[in-house]
Amino acid sequence: NRHLQTISGVFLRKDPDCAYISDSGFGGMTKVLNALSNTKPADDSCTFWDERQRITTPCEQDFYTVDIKYTGERKTKYQSVNGKGMVVLIHGLESNSNSSLSTDMGQAYMEDGYDVVCINFRGCCGSPNDTLGGYHNGFTDDLRHFLKLMSELWDQDDFDKRPVYLSGFSLGANVVIKCLGELGDAAMSLYNVHGAAVTGAPFDLERNIKCVDAPGFNRAIYSANFLKTMKVRAQYQLDRFCDSDPLTELFDYKNAMSATTVAEFENAFLPKIYGFKDNIDYYRRTSCYYFLPGVAVPLLIVNAEDDPFFDPNFYPIEESVDGGSNAPIKMERTKHGGHLGYMFHQLSDTEKKIERSTPWMPTELARFISHVHNYGE
């Protein structure tokens with residue numbers, strides 16, 4: 001069930017009986033049911049990351065934070081002694097580095113020998129940001145700024161020029177692909193980005209918003225939960241940056257707070273802040289689909305056919321190597337998985353021989369990164 005996959009990916013990701021199912025039939029289902037019955041409220045505390053760095057934005061009026069996980073003994077900031085390279089991880093909408101998927105992906109990359117840096121978008125680190133707005137589906141500013149900072153460290157004696165890889169999920173996947181498309185060959189030549197692996201890439205936001213906001217389960221559960229946290233953020237920003245004036249001209253506060261769909265909220269909140277005409281203009285200018293032809297480094301995109309957030313009839317395989325494109329993009333579309341779920345994976349005989357501590361999807365992304373890295377060696 002696509003909704004079971006999506007929701008269990010949030011609440012059961014750390015349960016070893018749910019990541020993989022070794023027992024078929026009733027035995028496997030019993031373990032899943034037991035896990036569901038013992039589900040506890042999410043714990044916001046996180047001890048996975050080794051350290052946090054606060055980074056001032058180029059305008060010097062705002063900041064974002066990055067959390068770092070070293071694959072071994074720390075050599076210097078951002079690098080361990082024997083790390084193969086760095087994986088820069090980008091989280092999804094209303095998420096952060098503490099999410100179970102962020103830490104699972106970080107774990108998979110770290111175990112394969114990479115230092116991992118998760119960028120928390122502005123306002124997502126637990127502390128409010130200092131300017132109006134924060135981030136959106138096409139907001140590549142902080143990722144590009146961080147890549148530039150890393151390239152500037154190469155001149156330091158204690159900082160090695162090692163390969164950089166990008167990874168992200170959902171909104172973060174869109175940001176990674178858009179950034180790679182914007183940079184083209186410069187991803188490698190300027191920032192030493194050798195490849196990327198993402199999951200839950202939305203491709204066409206204009207199509208998909210209709211799925212997210214679709215009446216019924218999607219609107220009642222997914223859209224409503226997004227709206228709840230987005231409205232809290234909008235209220236805070238009105239109070240802090242607009243003198244609590246509901247008639248502010250900086251964004252459409254009234255319609256943002258009365259929105260019953262994500263599309264309505266985005267149409268009220270985003271355009272004036274970021275310079276879009278409306279939400280449709282925003283979707284068309286930021287959807288990663290339009291940036292796929294510009295990608296110049298190996299990229300893996302893992303999506304599920306039954307993702308409830310996405311239009312199932314739109315899958316641009318023609319933009320991949322398997323579809324005849326010149327862009328070095330590999331698309332893997334599973335039949336099941338929901339949105340970022342990929343739980344209850346039944347191991348094949350070959351897979352059973354491989355020791356793994358993370359669910360299938362993070363392991364698959366890490367496998368691709370290692371493949372690209374080893375090929376480059």
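What counts as what
Residues numbered from 1 in each chain as written. Predicted model: local features only at pLDDT ≥ 70, side-chain atom pairs only at ≥ 80, totals over all residues. Heavy atoms only, no water. Helix = DSSP H or I, 4+ residues; strand = E, 2+ residues; numbered from the N terminus. Rg over C-alpha atoms; globule rule 2.2 N^0.38 Å. Buried < 20%, exposed > 50% of the residue type's maximum accessible area, 1.4 Å probe, protein only. Contact = heavy atoms within 4.5 Å. Patch = residues over 30% accessible without salt bridge, like charges linked within 9 Å, V, L, I, M, F, W, Y side chains within 5 Å. Areas by Shrake-Rupley, 256 points an atom, 1.4 Å probe, with all protein chains shown as cover. Salt bridge = Lys/Arg side-chain N within 4 Å of Asp/Glu carboxyl O. Axes fitted to C-alpha atoms, helices over the stretch in contact; angles between N-to-C directions. Parallel < 35°, antiparallel > 145°, perpendicular 65-115°, else oblique. Nonpolar A, V, L, I, M, F, W, Y, C, P; charged D, E, K, R; others polar. 1 Å grid on protein atoms, 1.4 Å probe; cavity = no way out; pocket = protein on both sides within 12 Å on 5 of 7 lines; lining within 4 Å. Points joined across faces, edges and corners; volume = space filled by probe spheres on them. Pairing = 2+ DSSP bridges. Core = buried A, V, L, I, M, F, W, Y, C linked by side-chain atoms within 4.5 Å. Disulfide = S-S within 2.5 Å.

> Looking at this model, I keep getting lost on the overall build of the protein chain. Mind explaining?
A count of helices and strands for the protein chain gives 13 helices and ten strands. The C-alpha radius of gyration of the protein chain comes to 20 Å, within 12% of the 21 Å expected for a compact globule of 377 residues. Considering only C-alpha atoms, the protein chain reaches an extent of 60 × 60 × 45 Å along its principal axes. Taking all 377 residues of the protein chain together, the buried fraction comes to 58%. Long-range pairs, those at least 24 residues apart, make up 75% of the contacts in the protein chain with a sequence separation of at least 6.

> Can you help me understand a nonpolar patch on the surface in this one?
Among the surface-exposed residues, Ile 7, Val 10, Phe 11, Phe 217 and Ile 221 lie close enough to one another that they form a single nonpolar patch of about 420 Å² accessible area. Elements that contribute at least two residues to the nonpolar patch include exactly helix H1 (2-11) and helix H9 (217-241). The dominant element in the nonpolar patch, judged by the number of residues it contributes, is H1, at three residues. Of note, Ile 221 is situated in helix H9.

> Looking at this model, I keep getting lost on the packing of helix H11 (residues 262-274) against helix H12 (residues 279-286). Mind explaining?
Helix-helix packing is described using two parameters, namely the angle between the two axes and the distance between the axes. In the contact formed by H11 and H12, the axes pass within 8 Å of each other and the chain directions differ by 85°. By the angle class used here, H11 and H12 are roughly perpendicular. Contacts from Ala 263, Glu 266, Asn 267, Leu 270 and Pro 271 of H11 reach H12 at Asn 279, Tyr 282 and Tyr 283. Taken together, the residues of the contact of H11 with H12 break down into five nonpolar, two polar and one charged.

> I'm lost on the side chain of Asn 208 in this one. Help?
Within the fold, Asn 208 resides in helix H8 (residues 205-212). Note on Asn 208: relative accessible area 6%, which makes it buried. Asn 208 has contacts with Pro 202, Phe 203, Phe 309, Phe 310 and Asp 311, leaving out every residue within four places of it along the chain.

> Any chance you could explain empty space enclosed by the protein here in plain terms?
By the definition in use, this model includes three cavities of 30 Å³ or more. Its volume calculated, the largest cavity comes out at about 190 Å³. Taken together, 17 residues line the largest cavity, and the ones lying closest to its centre are Leu 93, Glu 94, Tyr 135, Met 230 and Leu 270. The element best represented in the lining of the largest cavity is H11, accounting for five residues.

> When you look at the sheet that holds strand E6 (residues 115-120) in this model, what are you seeing that I'm missing?
Two modes of strand pairing occur in sheets, parallel and antiparallel, and in both the strands are linked by backbone hydrogen bonds. Read across the sheet, eight strands follow the order E1-E2-E6-E5-E7-E8-E9-E10 without closing on themselves; strand pairing throughout is mixed. Bordering the open sheet on either side are strand E1 (51-56) and strand E10 (329-334), each of which pairs with just one other strand. Strand after strand, the sheet turns through a mean of 20° between neighbouring axes, direction not considered. The sheet contact formed by E1 and strand E2 (residues 63-69) spans six bridges and is antiparallel. Among the inter-strand pairings, Ile 55 is bridged to a residue of E2, identified as Tyr 64.

> Help me understand the nonpolar core in this model?
Generally speaking, a soluble globular protein has its nonpolar side chains buried in company with each other. With 52 residues, the main nonpolar core has Tyr 78, Phe 146, Leu 166, Leu 180, Phe 203 and Ile 301 as its most contacted residues. When residues in this core are grouped by element, the largest group, eight residues, is from helix H6 (residues 171-183). Those residues in contact with Phe 203 that sit more than four places away from it in its chain are Asn 208, Ser 287, Cys 288, Tyr 289, Leu 292, Ile 301, Asn 303, Phe 314, Tyr 315, Pro 316 and Met 331. Listed in part, the 29 residues of the second largest apolar core include Val 116, Tyr 165, Val 302 and Val 372.

> Sorry if this is basic, but what is going on with the pairing of strand E8 (residues 193-199) here?
Where a strand is regular, its side chains alternate between the two sheet faces. Among the seven residues of E8, six are classified as buried, and the element is accordingly described as predominantly covered. Pairing geometry for strand E7 (residues 164-169) and E8, over six bridges, is parallel. Its bridge partner lying in E8, Phe 169 is registered against Thr 199. Direction of pairing for E8 relative to strand E9 (residues 299-304): parallel, over a ladder of four bridges. When the sheet's bridge partners are listed, Ala 196 is paired in E9 with Leu 299.

> Please explain the pattern of salt bridges as it appears in this structure.
Close approach of charged atoms allows side chains with opposite charge to pair. Counted according to the given criterion, the structure contains 19 salt bridges. Counted as one network, the salt bridges with shared partners bring together Lys 75, Asp 115, Asp 160 and Arg 162.

> How should the pairing of E9 be read in this particular structure?
Burial of E9 is extensive: six of the six residues sit out of reach of the surface. In E9, alternate side chains face the same way, and those of Leu 299, Ile 301 and Asn 303 on one face and Leu 300, Val 302 and Ala 304 on the other are all buried. Where E9 lies against E10, six bridges are found, and the strand directions are parallel. Looking at E10, one finds that Ile 301 is bridged to Met 331.

> Sorry, what's going on with the state of the cysteines here?
The term disulfide refers to a covalent linkage connecting the sulfur atoms of a pair of cysteines. As enumerated under the stated definition, the model contains zero disulfides in all. The thiol of Cys 179 is unpaired, and the distance to the nearest cysteine sulfur, on Cys 288, comes to 12 Å.

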